[in-house]
Amino acid sequence: MPSWSPDEGGHRVNEDVEPQSGHKGPPPGAPVKGLRFRLPDLPRVRQYAEEEARAAGMPEEAIGDFVIAVNEVATNAVTHGHDHAFLRTWTSNGDLVVEVHDNGSWKPGPMPGSVGGMGLWVARLLSSDLTLRVGGEGSTVIMRFPGKS
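Computed from a prediction, not measured in an experiment: that's the story for all the values here.

**Notes on the packing of aromatic side chains**
Line of reasoning, step 1. Following the criterion strictly, the structure yields one aromatic pair and no others.
Line of reasoning, step 2. Geometrically, the ring pair formed by Phe66 and Phe145 is edge-to-face, given 4.7 Å between the ring centres and 85° between the ring planes. With Phe66 in helix H2 (residues 60-81) and Phe145 in strand S6 (residues 138-146), the pair connects residues that are 79 residues apart, well separated along the chain.

**Here we look at the pattern of salt bridges**
Line of reasoning, step 1. By the definition in use, this model includes eight salt bridges.
Line of reasoning, step 2. Between Glu60 and Arg54 there is a salt bridge, and its shortest N-O distance comes to 2.4 Å.
Line of reasoning, step 3. For Glu60, a relative accessible area of 51% corresponds to the exposed category.
Line of reasoning, step 4. The class for Arg54 is partly exposed, based on a relative accessible area of 41%.

So, how was this worked out
- Residue numbers restart at each chain and count upward from 1, following the sequence in its written direction.
- Reporting of local features is limited, given that this is a predicted model, to residues whose pLDDT is at least 70; pairs of side-chain atoms are given and counted only at 80 or more, and all residues count toward the totals for whole chains, interfaces and linings.
- Just so you know, side-chain values use all the structure's heavy atoms and leave hydrogens and water out.
- Classification of ring pairs uses Phe, Tyr and Trp, with its six-membered ring standing for Trp, and accepts pairs whose centres are within 6.5 Å; under 30 degrees between planes counts as stacked, over 60 as edge-to-face, and the remaining range as tilted.
- Helix numbers and strand numbers start at the N terminus; a helix is a DSSP run of H or I with at least 4 residues, a strand a run of E with at least 2.
- A carboxyl oxygen of Asp or Glu within 4 Å of a side-chain nitrogen of Lys or Arg is what we treat as a salt bridge.
- Accessibility here uses a 1.4 Å probe with only protein chains present; expressed as a share of the type maximum, an area under 20% marks a residue as buried, one over 50% as exposed, and anything in between as partly exposed.

Structure follows, in structure tokens:
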């Protein structure tokens, strides 16, 4: 279980004193917003993503791609990972960062010739950076998007 527990609509501050080596989480002291969700909550996740993009000053023409990327990763989390997942957002150096975590186990991506299973690929194309961490505590995808233009 991660050291965070986002509450719906809640604000938290990252309590890490020093970022760990290779740590891609929020910088120390950064305000962090979180949302716990299940499959039926995906429309709310998309609305949340759009609101966060606007609040971060993301250019209007980039918001649609941002929402698609967040939706793809969130959908994967609750359909391939576990029945519920957590989403966190924060800004770092003007960029909007999104982290999606589920407690499921990692399953390899699509096989050649498949028609689905391309969510991470799409999210990787739409984000400026995507990091995937898998292990005994579940799967975590961290995506970075340019904020203010």
